[in-house]
Structure formats: structure tokens, C-alpha cells
Amino acid sequence: MKISLSGIKPTSTPHIGNHLGMIMPAIELQNQYDCRYFIADYHAMTTIHNAEKMREYSYGIAAYFLAFGLDPKKCVFYRQSDLPQVCELTWLLSCVTSMGLLERAHAWKAAKDRGSEGCEPHGLFAYPVLMAADILIHDADVVPVGKDQIQHVEMTRDMAERFNFIYGNTLHLPTAIVSEQLHTIPGLDGRKMSKSYDNTINLMLPPKKLKQQIMSIVTDSTPIDQPKDHENCNVFALYKLFATPPQIEELTQNYKTPGFGYGHAKLALLQRLTELTEAPRKIYDDYMAHPDTIEDILRDGAARASTKMNEVLHRARKAVGYR
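1. So, the packing of aromatic side chains
Any two aromatic rings considered together are summarised by their centre-to-centre distance and by the angle between their planes. Scanning all chains against the criterion turns up 10 aromatic pairs. A centroid spacing of 6.1 Å and a plane angle of 50° characterise the contact between Tyr37 and Phe65, whose relative ring orientation is tilted. With Tyr37 in strand S2 (residues 34–39) and Phe65 in helix H3 (residues 51–67), this residue pair connects regions lying 28 residues apart in the sequence. Comparing Tyr37 with Phe65 shows no difference in burial state: the two are buried.

2. Things to note about the pattern of salt bridges
Inspection of the entire model under this criterion finds 15 salt bridges. Among the ionic pairs, Glu120 bridges to Arg114, the shortest N-O distance being 3.1 Å. Residue class for Glu120 comes out partly exposed when judged on its relative accessible area of 24%. Residue class for Arg114 comes out exposed when judged on its relative accessible area of 55%. For Asp139, the salt bridge goes to Lys308, with nearest N and O atoms at 3.4 Å. Placement of Asp139 in the loop between helix H7 (122–136) and strand S4 (142–145) and of Lys308 in helix H13 (residues 291–320) is noted, with a sequence separation of 169 residues between them. Put simply, Arg79, Asp82, Glu295 and Arg299 are held in one network by salt bridges that share partners.

3. What to know about the packing of helix H12 (residues 262–289) against H13
Two quantities define a packed helix pair, namely the angle between the helix axes and the distance between the axes. At a minimum axis separation of 5 Å, H12 and H13 run at an interaxial angle of 90°. It follows from the interaxial angle that H12 and H13 lie roughly perpendicular. For the pair H12 and H13, the contacting residues are Tyr287, Met288 and Ala289 in the first and Pro291, Thr293, Ile294 and Ile297 in the second. Each residue belonging to the contact of H12 with H13 can be placed in one class, and the counts come to 6 nonpolar, 1 polar and no charged.

4. A word on the pairing of strand S1 (residues 3–8)
Most of S1 sits inside the fold, with 5 of its 6 residues counted as buried. Here S1 pairs with S2 via 6 bridges, running parallel. For Ile8, the partnering residue across the bridge sits in S2 and is Ile39. For the crossover from S1 across helix H1 (residues 16–28) to S2, the handedness is right-handed.

5. Here's the deal with the nonpolar core
Within soluble globular proteins, side chains that are nonpolar tend to cluster in buried spots. Counting 55 residues, the largest nonpolar core has Ile16, Phe65, Phe77, Ile201 and Tyr255 as the members making the most contacts within it. Residue assignment for this core shows that the elements contributing at least two residues are H1, S2, H3, helix H9 (207–215), helix H10 (234–242), helix H11 (245–255), H12 and H13. Looking at which element gives the most residues to this core, the answer is H3, with 8 residues. Non-local contacts of Ile16, meaning those with residues more than four positions away in its chain, are made with Gly21, Ile185, Met193, Ile201, Leu203, Phe242 and Leu273.

Each value, and the rule that gives it
- Residues numbered from 1 in each chain as written.
- Predicted model: local features only at pLDDT ≥ 70, side-chain atom pairs only at ≥ 80, totals over all residues.
- Heavy atoms only, no water.
- Phe/Tyr/Trp six-rings, centres within 6.5 Å; stacked < 30°, edge-to-face > 60°.
- Helix = DSSP H or I, 4+ residues; strand = E, 2+ residues; numbered from the N terminus.
- Buried < 20%, exposed > 50% of the residue type's maximum accessible area, 1.4 Å probe, protein only.
- Salt bridge = Lys/Arg side-chain N within 4 Å of Asp/Glu carboxyl O.
- Axes fitted to C-alpha atoms, helices over the stretch in contact; angles between N-to-C directions.
- Parallel < 35°, antiparallel > 145°, perpendicular 65-115°, else oblique.
- Contact = heavy atoms within 4.5 Å.
- Nonpolar A, V, L, I, M, F, W, Y, C, P; charged D, E, K, R; others polar.
- Pairing = 2+ DSSP bridges.
- Right-handed = clockwise from strand over helix to strand, strands pointing away.
- Core = buried A, V, L, I, M, F, W, Y, C linked by side-chain atoms within 4.5 Å.

Right, here's the structure in full:
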């Protein structure tokens, strides 16, 4: 069975963009591939410098995946920092990876555009190498990504090809699986939903806080007694991502009806999200109340992940001349 690898940084509670763009598509693959999922807490160190937050967010990511259907018996689910083998492979890759390749990474180019490259940590610059090691140390065949993350897989292939050119056929080249179904998911302000824009909607927030987020979605100033343009409405764009065709049609007609306001549309979105997350929320809250259970699952996953990781690292060490 082919190996699929997915990782997510524990830098906050997952938002709708993470949920639709990465988490659910990745979980759906667990019946088709030998799936490896990891909490990328090494990667999170580029922005999280608080030990308590790191633990809290890591548990939150684990609980979220488990609440929405990840089955740790069907896949390998682990925490990145429990397996330092990936750090050794990162160094081996770093020694064959050019500065020019890393300077083309989107995150580094964004830092240069901001003029902040001189203040950024080395971890941000070297980020693509660690990401490549995450993928290559599992002999991953496929990596499910969004369109904006294709570069990560392409750079991984570049590093593996360079290593293989120098040391012989050692590392397996992965292929990206790109979802064409989802377009950019709008945030509270209409821009792409992103933690960096502080415009996210987090499904596992307490109900009152979730309502506050939904009610703060930016809309136009069309009076309540006039029909609304659903096609260009942020609320409608989010609603249709979670609703059935009949529900979408009903809300479309409501938008065309005088007296139906954006507040009504926001409440319809809130109701739909509440319905869909009622059962997962209970599972999520239970896991968060029992972190020892999460630890047991992650440690078991790390033990199973280590078999393949040790195999690949042994090949790489032997190729470069280490014992």
C-alpha cells in the first residue's frame, strides 16, 4: 500500500481553512493509503516560544484530528518531536541543498518583501529542509497539499534528487496530491482565511465565542429591505462549503427576499456549523480533558513510525559513509 504523509503545525486551534483544506481531505485518505499524520511541533518553534502554549496547541491538534474521524488503529499518528531521527536527516539534506533553492521559498521571499529577513530566525530559512526530511524519512509516495503548498513538495523532490545524484539512489521521490475542489476560503474580513490575518473561524471554540466570530463577518451595507447579492457575500461563501444543495438553494432565495438581513444569514451559518460539530465537539472536549489518553495514542504512533524512519535514516547514513 502506498504511503501518504500529512503534517500540521500546532500554532493555534485549527480554523475552517485548515479543516477543509487539509484536515478532512487527509483523514479521508486513511482507507486508501498507509497514512502517516504528524503534529509538526518542530516547525511550530519558528513562531511559538512558550512551552505551555506548545503543549496546549499540540494536544488541541491531536484532539481535533481524533474528533473528526482519524482512527489511530488505521494509521500512524505521532508528534514530530518524539522522533529526532528527522533532525539528523535534515542535516544530511542541508549539506546538499543550495542557498539559492531555499531563497526561492515562499515564506522567505515574503520575509524579504517585508524587509524583515535580517530579523528572522534561521529556522524560517531552513524550514523547507526540515519539511523535506519529514516527507522523505517515511518514503512517502504522496503528500496531500493545497495549491499554495505545492512548492514544498517540489523542493522536497529537488533535495532528494540532489542527494541521490551525489550518493546514489537512496531517497524516494514523493508526489503532491492537490485538491481542485476547494477555492480560497474567505476569512472574517473577506481575505483568505489565515492566522496571519487574524481573520479565522475556529470550530472548536466555546459556542458563545464561535457566535461572536460568525457575527463579526464583514458584509456590505445593503439595507435589510432590499435583496442581497449572495454571490459576493462572505457569509454565503462560507455557508455553501458546509450546506447541502437544498440548503444552499433555500438560503439563495432568502437573500433575494426583502426583509432578510445579513444577521439572519450569519445565524443560518452558525446553526449549520453547530449541527455539524455537535458530536465532534463532545469527543474533542473529552480528549482535551484527558491529555494522558492523547499521550498514549501519540507515543504508540511514534513507536510505529520509528520503524520506517530508522530504515530510511540507515540508508541515508550508509550512503554518506557513516556507520
